[in-house]
Amino acid sequence: MLFNYALGKELASPTKLKKVSKKTLLIIGIAFNLLLLGYFKYMDFFIANINRVTGSKIELLHLALPLAISFYTFQQIAYLVDSYREETKEYDFLNYAVFVTFFPQLIAGPIVHHSEMMPQFANLRNKVKNYYNIAVGLFIFSMGLFKKVVIADTFAQWATQGFDVSKELNMLEAWVTSLSYTLQLYFDFSGYTDMAIGIALMFNIKLPINFDSPYKATSIQGFWRRWHITLSRFLRDYIYIPLGGNRRGELRTYTNLFITFLLGGIWHGAGWTFVFWGILHGGALVIHRFWKQLGMRMPKLLGWFMTFMFINIAWVFFRANSFEDAIKVLKGMFGGKIVLPAWLHDYFSINNEAVQFGNWSKLFSQETYLWLWLLAGMIVVLFLPNSMQWKARFKPSLFYLLLTVLFFLSIFMLYRKSEFLYFNF
Amino acid sequence: MFHPKQYLQFLFGTLFLIGTLAAGYMYDFSKKFPPPITNRISFDAKLKFVREHIDPDQIDTIIVGSSIGLNNVIGSKLEDYSEKVHHALNLSVYEATTLEAEQILELAEAFPNVKRIIYSVQYSDLPHAKRYDNYNPEILRKFMRNELSPVALSQLLFNACNNIPFCVEREKKWKNEHMQSDKFTYLGFDHTGSVPLKIYKGKGVGGRWYLPHPGIMHPESFHAIARMAAKARKNGIEFYVAHQPYRPELYSKHKSVRDAIKYFDDKIMSIVSKHGGVLIQLQKLPLNDYQFADRTHLNDKGAALATKEIARTIDKHEKTNKTQGK
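Anyway, here's the lowdown on the structure attached to this text.

Cut-off values and rules
- Residues numbered from 1 in each chain as written.
- Chains lettered and ligands numbered in written order.
- Predicted model: local features only at pLDDT ≥ 70, side-chain atom pairs only at ≥ 80, totals over all residues.
- Heavy atoms only, no water.
- Contact = heavy atoms within 4.5 Å.
- Salt bridge = Lys/Arg side-chain N within 4 Å of Asp/Glu carboxyl O.
- Polar contact = N/O pair within 3.5 Å; in protein donor to acceptor, adjacent residues only side chain to side chain.
- Helix = DSSP H or I, 4+ residues; strand = E, 2+ residues; numbered from the N terminus.
- Nonpolar A, V, L, I, M, F, W, Y, C, P; charged D, E, K, R; others polar.
- Buried < 20%, exposed > 50% of the residue type's maximum accessible area, 1.4 Å probe, protein only.
- Pairing = 2+ DSSP bridges.
- Axes fitted to C-alpha atoms, helices over the stretch in contact; angles between N-to-C directions.
- Parallel < 35°, antiparallel > 145°, perpendicular 65-115°, else oblique.
- Left-handed = near helix turned anticlockwise from the far one by under 90°.
- Core = buried A, V, L, I, M, F, W, Y, C linked by side-chain atoms within 4.5 Å.
- Phe/Tyr/Trp six-rings, centres within 6.5 Å; stacked < 30°, edge-to-face > 60°.

Across the boundary between the two partners, chain B contributes 24 residues, which contact 23 residues of chain A. The interface formed by chain B and chain A includes zero salt bridges. Where chain B packs against chain A, one counts four residue pairs in polar contact (both at pLDDT 80 or more). Elements with a contribution of two residues or more to the side of chain B that touches chain A: helix H1 (4-32), helix H7 (150-161) and helix H8 (164-178) of chain B. For the side of chain B that touches chain A, the element with the most residues is H1(B), which contributes twelve residues. The class makeup of the residues in the side of chain B that touches chain A is 17 nonpolar, six polar and one charged.

On to the pairing of strand E5 (residues 278-281) of chain B, then. Residue and element names in this part refer to chain B. Of the two faces of E5, the one holding Val278 and Ile280 and the one holding Leu279 and Gln281 are both buried throughout. The sheet contact formed by strand E4 (residues 238-243) and E5 spans four bridges and is parallel. Among the inter-strand pairings, Ala242 is bridged to a residue of E5, identified as Ile280.

Counted by the stated rule, this structure contains 33 salt bridges over all chains. For Arg116(B), the salt bridge identified is with Glu318(B), shortest N-O distance 2.7 Å. Residue Arg116(B) is found in strand E3 (residues 116-121), and its partner Glu318(B) is found in helix H13 (residues 300-323); the two are separated by 202 residues along the sequence. Residue class for Arg116(B) comes out buried when judged on its relative accessible area of 2%. Exposure remark for Glu318(B): the relative accessible area of 10% places this residue in the buried category. A salt bridge links Glu309(B) to Lys284(B); the nearest nitrogen and oxygen atoms lie 4.0 Å apart. Placement of Glu309(B) in helix H13 and of Lys284(B) in the loop between E5 and H13 is noted, with a sequence separation of 25 residues between them. When its relative accessible area of 11% is taken as the criterion, Glu309(B) is described as buried. Looking at Lys284(B), the relative accessible area reads 60%, which means it is exposed. Residues joined in a network through salt bridges with shared partners are Lys148(A), Asp153(A) and Asp188(A).

Residues and elements named next belong to chain A. One way to put it is that helix H1 (residues 2-12) packs onto helix H3 (residues 69-84) with a least axis distance of 7 Å and a crossing angle of 20 degrees. One element, H1, and the other, H3, form an angle in the roughly parallel class. At the point where H1 passes H3, the crossing takes the left-handed sense. Contact residues: H1 offers Asn4, Tyr5, Leu7, Gly8, Lys9, Leu11 and Ala12, while H3 offers Gln76, Tyr79, Leu80, Ser83 and Tyr84.

This next bit is on the nonpolar core. Core analysis: the biggest nonpolar cluster contains 100 residues, and Phe111(B) and Phe264(B) have the highest contact counts within it. Take this core: its biggest share by element is seven residues, from helix H12 (residues 255-275) of chain B. Among the nonpolar cores identified, the runner-up in size contains 58 residues, and Phe71(A), Phe121(A), Met388(A) and Phe408(A) belong to it.

When we look at a pair of aromatic rings, we describe it by the centre distance and by the angle of the planes. Residue and element names in this part refer to chain A. Tallied over the full model, the rule gives 66 aromatic pairs over all chains. With a centroid separation of 6.0 Å and an interplanar angle of 65 degrees, the aromatic rings of Tyr132 and Phe394 are classed as edge-to-face. Residue Tyr132 is located in helix H7 (residues 131-165), and its partner Phe394 is located in the loop between helix H16 (387-393) and helix H17 (398-408); the two are separated by 262 residues in the primary sequence. A residue is classified by how much of its surface remains accessible, and Tyr132, at 33% relative accessible area, is partly exposed. Take Phe394: its relative accessible area is 3%, and that puts it in the buried class.

Relative to the helices and strands, Thr313(B) is located in helix H13. Along the backbone, Thr313(B) and Ser82(B) are 231 residues apart, and their C-alpha atoms lie at a distance of 9.1 Å.

Note that all results are geometric; they support no functional claim without further evidence.
Laid out in structure tokens, this is it:
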């Protein structure tokens, strides 16, 4: 942090340096941050691949990943780049330190930009207790807690069963597994973000919006404008645009889009499944852009369906521990045994191994409320206002008081201990 | 609409009231029922039982295993039958794999005067190499020995009991499922923590009576047994592997069962000859269907006979060792 702050100051200073150019300093700064990130996060991945390719037996380092390293590395790189562009102001070190380590959003975002945070830390008015902000903050925090503890952790059980426990899945089981994870990830991550936004608001700090009902998106481009918005913003400002954005012709634009999302995939985790997930999204964005260039349109409902299905399938690679696990789930989704109700058996004399009648799942058969949860989850993500819309409507009334209390009751479900999914990224 | 300050006063007041009521419930629950400290109710019940009823310094014999340890060895009978065993404690936990049994044995350090460990097992316990997640033996040892500070104890119980719907569910199940001696979920411990079952001739157990287990045994399970034996020897503790009997009819009818039992015995023999320990093969006992609850679980009558044989072997082995000055 000290290194980045000092370097940022140097880069931002208008005086011309004598020995080393600013560009060299910036490259050193970015390389330093990326090397740290690479060492802690990707070293074992790198060694494992060297071993696989060369047949060597280099021992893995099994390093403990410093909490939130991916997040604060991005924030500090952005600070250095903006300092180089002379877009930063004279920031106080204490405020810089708070910006990098601000605890509500430190471990899982939103990824904040110095220009939106530092002025807030420096503003004296923000140091005065604001009861309204505390009330809204508590409401948003409690909503996030509820999303994480009650909803996401419920779906997590089924996703884990399908991905990690079962060796083979029939069609219904596979779809339950993938949809459970799709919903789990959204409620988990957006729940965490809500908690961060809520806590920050209690300190009069406004964090940027990170989710805007992403599963309502009718195109893949729309999805990335609604999902992990602050990551998309970073990728756009610090990778896509510096690569040339859309200013260097169509082919170059496609390449830039693809590279940006490939890097986005790698940022999420050290594994080939994450790389493949990035490739899928990069590829989808390229196709989407090409489609738009052709001037073709798609009915909204079909657009939503295709987008949601694509995202759901891509999350399979994101969640799976290996390609084998991902293929197991996908095989079940598209080639698994079809399950029909038992009473249909008398009407169809199918003697086919691809069809089973009744007893829909050995894996989930005990879960009486599974279908209700899935249905409710889909209704919430598709039809209800998101937490930022709730925040805008908040009033210190009895209704919101009761809702906050109700959400806080989810603290009594904390026994199902589980880590936040985005802690690893 | 309230003034924001007034709104917060109401909100905190309500939350405080709910919090106080919840804390009261948690306290009451942890006194009456096993607090969900681990992810196994029989483990939780055992921890509470030891904490409340056992003097850790007296224990000289520990029995460990899955339900095969919990039901098939009766600690109180062992104390009666053996000259060597004075204070037994059955630390077995339902469904414990061999690796989990090894983890449970890490709790043995809470009992400084242990002289022998009996691992009661059947080959059917070995197919999975599964361990307990987030297992912290140090905290559990302190919990059993009543050595946790008030703050640490409150923290442990809060973490255990804060899922109130789960606790309410457990409370409901406790009487109906865990206090009925004719159910496999029975957790009515004798004074040593054993659970003698009162299920006779496989009544109501269906396939568990006549279908044998597949002979799948995970290699890691044998490594765990080897580590248990080696650790016991290092600490000067006698280590016994009590290989519990399979229902005789299935044993004689299915070659796969006989092969699995032989394979298990051969592996254990090679382990105990290398790391120390004694294999007690109980298949040879003259048992019949009246002594079995299902294909591998003995009822109280069968368990008494198996326990008697274990006691006889312990006495014989330890007398021989004494004579030989080991």
